[in-house]
Each structure stands twice: as structure tokens, then as C-alpha cells.
Amino acid sequence: GVTRKALNKHLRGTGLWFPVDPGADASLCGMAATGASGTNAVRYGTMRPNVLNLRVVLPDGRLLHTAGPGRQPRKRAAGYDLTSLFVGSEGTLGFLTQATLRLHPLPEATAVTIASFPGVGAAVACTVQVLQAAVPVARIGECPQPEVGLGVQVPVLELNTASSHPEFLDEVMADACGRFSRMGLPVAATLLLELHGSRRSLAEQQQQMEEIVRQNGGSSLAWAEGLEEREQLWSMRHNAWYAALALRPGCQVRHKHGDDGSSAHGALSATALPSLAQGYSTDVCVPISRLPDVVVETKQDLQASSLTGPMVGHVGDGNFHCILVFNSQDPEEAQRIHAFTQRLGRRALAAGGTCTGEHGVGLGKRALLQEELGQEGLDTLRSIKAALDPHNLMNPGKVL
């Protein structure tokens, strides 16, 4: 299927882009099926609000257009929202074969910076204050409908504002990413901040951001506005998984441009081949107001459990991840990993959040799903599944 990078390459020269970025160059229908999110979600939303229509092959072979054949309204009140039902369904209700997507205008100006903080609490508190104090300068611009092929034909009428999406790395992850990508980050809780907007609004928000960072004990900021510099910073962030695996002895990292990692460019495009060491990534999402407490409690839990679990997250929307690296041949450590992930999920639920903001339920969080939705909610999901897939053909055993 068409991937997000292929779509954005096709859109060059139109002034439009598709901003949902889960890190990997995933297929667009796969991103819809998993309800993908990522670094841009706080500004542009997840896949759910950016999908206007889906073509789905149902388990019995019928073809469904979730908003009706050829339809792409910006809003609708006609019947149940079938599009949202299939977005995030994790392959349990049908095959997604075409997506009609909402495109967005490219920002006039972009700037990225990195700020270091004395602790995770200060870094996350800074994020909350940045979101609360944002002063967007808005204008409404109408763009003509592009004929882009690839099954994506979307009229665009967007509110173009100055905005930011902060990414959080704890001191373990900052150290790992800095060493892996050879960028020499301070070993400290870190925020990676990107602003979009007009040049005038961007300058205003940069000034405001610097003041909030200083108030929370953060480092001085140096802004990267050139494309190459910005891409280097985000490449470092997107390689967090491989950087985390490299923390654990026994986890081999092979570089595309030489096994010894002698090329800096190779280090930025590495693939990991774990031996006894394995990585397990889990995530939760909580209300922004509860995020500082939940992150600090999770950090303390990791330390008390003697686990290698660097933290990273799209904290602008309350979502963070723990990448747990452990010895797959050690049953006792594997049990500690499982117990930690269950505590993390329940900590998020107790804070009014969800057991997963991005990764989905799959097999590992089915028990937490019942705690989150309650028996009535789970029974409703099972009724929907039984109505669409009575023979349980689609991804059996997953989610429910």
C-alpha cells in the first residue's frame, strides 16, 4: 500500500502535506487500522480525525465505504460514525483497502530546539505550561482540492496557527540517543520542541517558549530552522528504539554503512539485531494535568524495579512510552517486566487516562481493556465484532 512518505513526496509542490508521523514509513491503511499517532498529534491530531472515508472488505467479502462511495465531507451527522469504528480496529473487523485523508497546508516557517532540565518533573511541568500558555495567531486559508492520485482527494480548509509539539526524553533515553546518533546530548531530562506557524507568530512563540523553559530550570535554547538540522534532530528521536536496545549488553546493533558503525550516517539509519537482550515497548496516555505526577511515579517504579526502561513520549497530548530492555532467557526479569507494565497501565487508568494511547490492545492489554471500559463496554465491543465477523476470521484473539 501507499506509505506516508510516498504520499508526501507525491504532494511536493502543492503546498500540502499529510502530517501524521508514527516514525516508521508505514502504509496509510495500516496506520488507519492501528489508529496511528506520533510526534505531530498535538497539533494535527491522530489518524482518527484525519481519515474522512475508508473502503473496507468485510469478512464476508462485501465492500463497505464507511462514509458512502466517493464522499469526503468535513463533518457529517448521517448515521453511525463507521469510519471511526474501523480506525484503530487492529484488523479485527475487516481489510482496509483505501483511505480518503485530510491534508494540511505546509507551515510557512518551522523551528526546532532541545532543552535540558534538572529532572523529569520539571521537563513535563514545562510541557504543561507551554500548552496552557500558547498564544496562536490564526488565519484561515483556503486551498484548492488537489488531484493527487493514490486514492487521496481532499478539499482543504484549515486553521493555520502557530503551534508546538513537545517530545520528552528522560535522562537515560537522552544519553542513549545522544551516544547512538553521536550528537552529545546532556545526560538530563530533555524536551525536543518544534514550532510551526507564520514567521511573525513563530518569533513570538519562540520568545514565549524560552521564558517558560527558563522558569522551569531549563537550559538556554538554540533554534534550528534549516531543513538538514531539523531532520537530524528528528532522526535522532525516531531512532530511540535502536538507541534503547544498545543500552543493554548482548544487544547487537548493525549499521547499514558498516558493522562497526564508523559512519555517522549509518548510525542514524541502524537496525538492531537482539540476541539474548530483547526490547518491549509499552505506552499509556493520561490527562495533561496528571502527566507530571504519573511520569514521576513511573520513573520511581522503574528504578525500584531495577529495570532498564528509558522513557520517551509525545507529552504534548499526555502520551509516553517505556522501552524495556531485558534478558529474554531470564524468567524472573521477564516477570518483573510484566508486573511493571500492568502497574503502569493501572496507574494511567487511576489518573483518568487509558492503558494505551498508540500501541493498541493486541494480546497483552486485554485484561486492562476490560478494566478501562467495564463489562458493559467490553460486551458492546464483542457484539460489534460478532455482527461483522461471526466466524471470528479477522485477527482472532486480538483485542477481545
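For clarity, every value in this text was computed on a predicted model and none was experimentally measured.

Criteria and thresholds
- Residues numbered from 1 in each chain as written.
- Predicted model: local features only at pLDDT ≥ 70, side-chain atom pairs only at ≥ 80, totals over all residues.
- Heavy atoms only, no water.
- Buried < 20%, exposed > 50% of the residue type's maximum accessible area, 1.4 Å probe, protein only.
- Helix = DSSP H or I, 4+ residues; strand = E, 2+ residues; numbered from the N terminus.
- Pairing = 2+ DSSP bridges.
- Polar contact = N/O pair within 3.5 Å; in protein donor to acceptor, adjacent residues only side chain to side chain.
- Salt bridge = Lys/Arg side-chain N within 4 Å of Asp/Glu carboxyl O.
- Axes fitted to C-alpha atoms, helices over the stretch in contact; angles between N-to-C directions.
- Contact = heavy atoms within 4.5 Å.
- Expected span 1.5 Å × (residues − 1).
- Left-handed = near helix turned anticlockwise from the far one by under 90°.
- Nonpolar A, V, L, I, M, F, W, Y, C, P; charged D, E, K, R; others polar.

1. Remarks on the pairing of strand 2 (residues 51–57)
In regular strands, side chains alternate between the two faces of the sheet. Within strand 2, five of the seven residues are buried, leaving the element largely enclosed by the surrounding structure. With six bridges joining them, strand 2 and strand 4 (residues 95–101) adopt antiparallel strand pairing. Looking at the pairing, Leu54 lines up with Ala99 of strand 4. Sheet analysis places strand 2 next to strand 3 (residues 63–65), joined by three bridges and oriented antiparallel. If you follow Arg55 over to strand 3, its bridge partner there is His65. Between strand 2 and strand 3, which pair antiparallel one after the other, the connecting turn spans five residues, and Gly61 there sits at a positive phi close to 95 degrees.

2. A look at the side chain of His196
One can find His196 in strand 10 (residues 189–197). Within the structure, His196 has its side chain in polar contact with the side chain of Tyr44 (distance 2.8 Å). Side-chain polar atoms of His196 contact the side chain of Glu194, separated by 2.5 Å.

3. Structural notes on the pattern of salt bridges
Summed over all chains, the structure comprises 16 salt bridges. Of the charged contacts, one joins Arg62 and Asp60 as a salt bridge, the two residues approaching to 2.8 Å between their closest N and O atoms. By relative accessible area, Arg62 is classed as exposed at 52%. Exposure remark for Asp60: the relative accessible area of 51% places this residue in the exposed category. Arg179 serves as the salt-bridge partner of Asp175, at 3.3 Å between the closest nitrogen and oxygen. Of the two residues, Asp175 and Arg179 are both situated in helix 7 (residues 171–180); the distance of four residues between them amounts to about one turn of the helix. A relative accessible area of 22% places Asp175 in the partly exposed class. Through salt bridges that share partners, Glu297, Asp301, Arg343 and Arg347 make up one connected network.

4. Brief notes about the sheet that holds strand 3
On the basis of which strands lie adjacent, the open sheet formed by three strands has the order 3-2-4 and antiparallel pairing. On the outer flanks of this sheet lie strand 3 and strand 4, each paired with one strand and no other. Ignoring which end each strand starts from, the neighbouring axes of this sheet average 15 degrees apart.

5. Section: the side chain of Asn50
Relative to the helices and strands, Asn50 is located in helix 4 (residues 47–50). Of note is the side chain of Asn50, whose polar atom sits 2.9 Å from the backbone oxygen of Tyr44. In this structure the side chain of Asn50 is engaged in a polar contact, spanning 2.8 Å, whose partner is the backbone oxygen of Thr46. Ignoring any residue separated from it by four or fewer positions in sequence, one finds Asn50 in contact with Phe18, Val20, Tyr44, Gly45, Thr100, Leu101, Arg102 and His104.

6. Some remarks on helix 12 (residues 291–304)
With 14 residues, helix 12 should reach 20 Å at 1.5 Å per residue; the first-to-last C-alpha distance of 20 Å fits that figure. Every buried residue belonging to helix 12 is among Leu291, Pro292, Val294, Val295, Thr298, Lys299, Asp301 and Leu302, and all of these are buried. With its phi angle positive at about 55 degrees, Ser306 sits one or two positions after the end of helix 12.

7. Observations regarding the packing of helix 6 (residues 120–133) against helix 8 (residues 199–215)
The N-to-C vectors of helix 6 and helix 8 enclose an angle of 145 degrees; their axes lie 10 Å apart at closest approach. Handedness of the helix 6/helix 8 crossing: right-handed. Residues Cys126, Gln129, Val130 and Ala133 of helix 6 pack against Gln208, Met209, Ile212, Val213 and Gln215 of helix 8. Residues belonging to the contact of helix 6 with helix 8 are distributed by class as follows: six nonpolar, three polar and no charged.

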